[in-house]
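Chain residues, written in single-letter form:
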Amino acid sequence: MDKEYLSGNKDNMKAVTLHEFGGTEVLKMEERQLPEIRPEQVLIKVMALSINPVDAKTRSGKGIAGRIKDQLPAILGWDISGVVVEAGTGTKYLKKGDEVFGMIAFPELGNAYAEFVAADESALALKPSGISHEAAATATLAALTAWQALHHKAKIKPGQRVLIHAASGGVGHFAVQIAKYLGAHVTGTSSAENRDFILSLGADRHVDYKARPFEEVISKVDFVLDTIGGEYIDRSLQVIRKGGTIISIPSGLNETVTEKAKAIGIEGYFILVHTSGPDMQTIASLLEKGILKPHIFKTFRFEEMAAAHQQIESGHTAGKIAVIL
Ligand SMILES: NC(=O)c1ccc[n+]([C@@H]2O[C@H](COP(=O)([O-])OP(=O)(O)OC[C@H]3O[C@@H](n4cnc5c(N)ncnc54)[C@H](OP(=O)(O)O)[C@@H]3O)[C@@H](O)[C@H]2O)c1
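Below is a short write-up of the structure. (Residues numbered from 1 in each chain as written. Predicted model: local features only at pLDDT ≥ 70, side-chain atom pairs only at ≥ 80, totals over all residues. Heavy atoms only, no water.)

1. A word on the overall build of the chain
Across its full length, the chain holds ten helices and 15 strands. For 325 residues, the compact-globule estimate of 2.2 N^0.38 gives 20 Å, and the chain sits close to it at 20 Å. For the chain, the spread of C-alpha atoms along the principal axes amounts to about 65 × 40 × 35 Å. Across the chain, every contact between residues at least 6 apart in sequence was considered, and the portion connecting residues at least 24 apart equals 66%. By element, 51% of the accessible surface of the chain is carried by carbon and sulfur atoms, the whole surface being about 13,900 Å². Distance between charge centres in the chain, computed from 36 positive and 38 negative side chains, equals 6 Å. (Helix = DSSP H or I, 4+ residues; strand = E, 2+ residues; numbered from the N terminus. Rg over C-alpha atoms; globule rule 2.2 N^0.38 Å. Contact = heavy atoms within 4.5 Å. Areas by Shrake-Rupley, 256 points an atom, 1.4 Å probe, with all protein chains shown as cover. Lys, Arg positive; Asp, Glu negative; His and termini not counted. Charge placed at Lys NZ, Arg CZ, Asp CG, Glu CD.)

2. Details of the site of the ligand
Not every one of the 25 residues close to the ligand is listed here, only the nearest: Ser168, Ser191, Tyr209, Val273 and His316. Here an oxygen atom of the ligand and a side-chain polar atom of Lys57 are 2.8 Å apart. Within the backbone of Ile249, one N or O atom sits 2.8 Å away from a nitrogen atom of the ligand. Look at the ligand: alone it shows 940 Å² of surface, and the protein chains cover 89% of it. Looking at the shell around the ligand, the elements with two or more residues in it are α1 (53-59), α4 (141-153), α5 (170-181) and β9 (185-190). (Near = heavy atom within 4 Å. Polar contact = N/O pair within 3.5 Å; in protein donor to acceptor, adjacent residues only side chain to side chain.)

3. Some remarks on the side chain of Thr24
Within the secondary structure layout, Thr24 lies in the loop between β1 (12-18) and β2 (27-33). Residues in contact with Thr24, not counting those within four places in the same chain, are Arg59, Ala306, His309, Gln310 and Glu313.

4. Let's talk about unusual backbone geometry
In this model, Leu72 is joined to Pro73 through a cis peptide bond whose omega is -5°. With respect to the element layout, Pro73 can be found in the loop between α2 (65-68) and β4 (79-87). The step from Phe106 to Pro107 runs through a cis peptide bond, and the omega angle for that step is 5°. Of note, Pro107 is situated in the loop between β5 (99-103) and β6 (116-120). Positive phi, close to 60°, is recorded for Asn111, a residue that is not glycine. Its place among the elements puts Asn111 in the loop between β5 and β6. The class of Asn111 is partly exposed, set by a relative accessible area of 34%. In this structure, Ala166 takes a positive phi of about 55° despite not being glycine. Along the polypeptide, Ala166 turns up in the loop between β8 (161-164) and α5. (Buried < 20%, exposed > 50% of the residue type's maximum accessible area, 1.4 Å probe, protein only.)

5. Here's the deal with the packing of α4 against α5
Two elements in contact, α4 and α5, have axes whose closest approach is 8 Å; the angle formed by their N-to-C orientations is 45°. When the interaxial angle is binned, α4 and α5 end up oblique. Relative to α5, the crossing made by α4 is right-handed. Together, Ala142, Ala143, Thr145, Ala146, Trp147 and Leu150 of α4 and Gly170, Val171, Phe174, Ala175, Ile178, Ala179 and Tyr181 of α5 make up the contact between the two elements. Each residue belonging to the contact of α4 with α5 can be placed in one class, and the counts come to eleven nonpolar, two polar and no charged. (Axes fitted to C-alpha atoms, helices over the stretch in contact; angles between N-to-C directions. Parallel < 35°, antiparallel > 145°, perpendicular 65-115°, else oblique. Left-handed = near helix turned anticlockwise from the far one by under 90°. Nonpolar A, V, L, I, M, F, W, Y, C, P; charged D, E, K, R; others polar.)

6. Some points on the pattern of salt bridges
As enumerated under the stated definition, the model contains 14 salt bridges in all. The residue Glu108 makes a salt bridge to Arg67 at a minimum N-O spacing of 2.8 Å. Taken together, the residues span a long stretch of sequence, with Glu108 in the loop between β5 and β6 and Arg67 in helix α2 at a distance of 41 residues. Two residues, Glu303 and Arg301, come together in a salt bridge whose shortest N-O distance is 3.4 Å. One continuous salt-bridge network, built from bridges that share partners, spans Arg38, Glu40 and Asp120. (Salt bridge = Lys/Arg side-chain N within 4 Å of Asp/Glu carboxyl O.)

7. Quick look at the side chain of Ser190
You can see Ser190 is positioned in strand β9. Once residues within four sequence positions are removed from consideration, Ser190 is found in contact with Ser168, Arg195, Ile198, His206, Val207, Asp208 and Tyr209.

8. Considerations on the nonpolar core
Within the largest apolar cluster, 89 residues are counted, with the highest numbers of intra-cluster contacts made by Leu150, Leu225 and Met305. Considering every element that reaches this core, the biggest residue donor is α4, with eight residues. In contact with Leu150, other than residues within four places in its own chain, are Lys155, Ile156, Ile164, Ala175, Ile178, Ala179, Leu182, Phe223 and Leu225. With 15 residues, the next largest nonpolar core counts Val207, Phe214, Tyr232 and Ala261 among its residues. (Core = buried A, V, L, I, M, F, W, Y, C linked by side-chain atoms within 4.5 Å.)

9. Regarding the packing of aromatic side chains
Tallied over the full model, the rule gives two aromatic pairs. Aromatic pair Trp78 and Phe106: ring centres 5.1 Å apart, planes at 85°, arrangement edge-to-face. Within this pair, whereas Trp78 is found in the loop between α2 and β4, its partner Phe106 is found in the loop between β5 and β6, the two being separated by 28 residues in sequence. For the pair formed by Trp78 and Phe106, the shared burial category is buried. With 5.4 Å between their ring centres and 35° between their planes, Phe214 and Tyr232 make a pair best called tilted. Here Phe214 is found in the loop between β10 (205-208) and β11 (221-226), whereas its partner Tyr232 is found in helix α7 (residues 231-237), with 18 residues between them in sequence. (Phe/Tyr/Trp six-rings, centres within 6.5 Å; stacked < 30°, edge-to-face > 60°.)

Quick look at the structure:
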């Protein structure tokens, strides 16, 4: 096999691994063998990756830890941007040298905290040439979640009144931009600190969740994207018009959202983001046209993965976190 992409004559790579669940100290930089690709996969040299709350939850024993507990030691991570260095014999459109980005294998192990990762061609899109790897890596899991919630599930129409909770967050900042693109009137919540950021994304209105309960100042919206969960489900249901829709995304007790909503004539769903090449291609096109602009709160080096996890665990990241290799 032609492996000129490896420096020197080594055929292994650096990866951040997880031998046990716990604090950020359980993330270890180790040497790992390069992944083998299946015919429908490509091998990608990772240039940048991004992390999400689910990365930190899983590291600490929550998130998808139950699914992967028998696969430790594991490599976490799903969101990447990089360069194809090998294409499997069954791939249809990607070839060596292509720049790609996407969310790999979620909610199974993505193995993305590594210098090289194997990914199904069907999970990826070509990275627009004007978008950096760093920015593209952030427009993956969070952007897919926002797109799948607002476009596919809620089918947001022009003129609808939409409330996005944590509109300054990873999912929320994409959701505001997508809701505006779909023609909605958008209210976004966050603390006062992120007010200007949310308005700069195109939101029509900002509500500071620390100043007063949002349900005192918002009413009769058509749609709520609940990114907080827990009591936010009940409180959000109070501000939705009859026949409206709520989509809840934090894992936990959100199965109840459907029942609670139905009881008062509202449609309620919990959704889990899924891998989709066509959706990634839509996101690529929105990035290329400047309709979707990822906001990078902070960029970490690969060696700083523990600090990146600490940042996402703060719950107060504005936009996304990137990690460059
Ligand atoms: N089901 C799925 O497929 C799926 C996919 C993606 C994410 N998720 C989940 O969705 C949740 C959000 O993810 P994310 O990546 O957007 O998180 P994130 O980037 O960490 O969100 C941080 C943002 O939340 C804001 N915030 C914190 N508490 C708030 C409150 N009470 N009201 C309004 N805003 C608040 C913060 O603003 P301030 O600093 O101003 O407070 C901050 O900007 C997480 O639980 C994640 O695991 C689920």
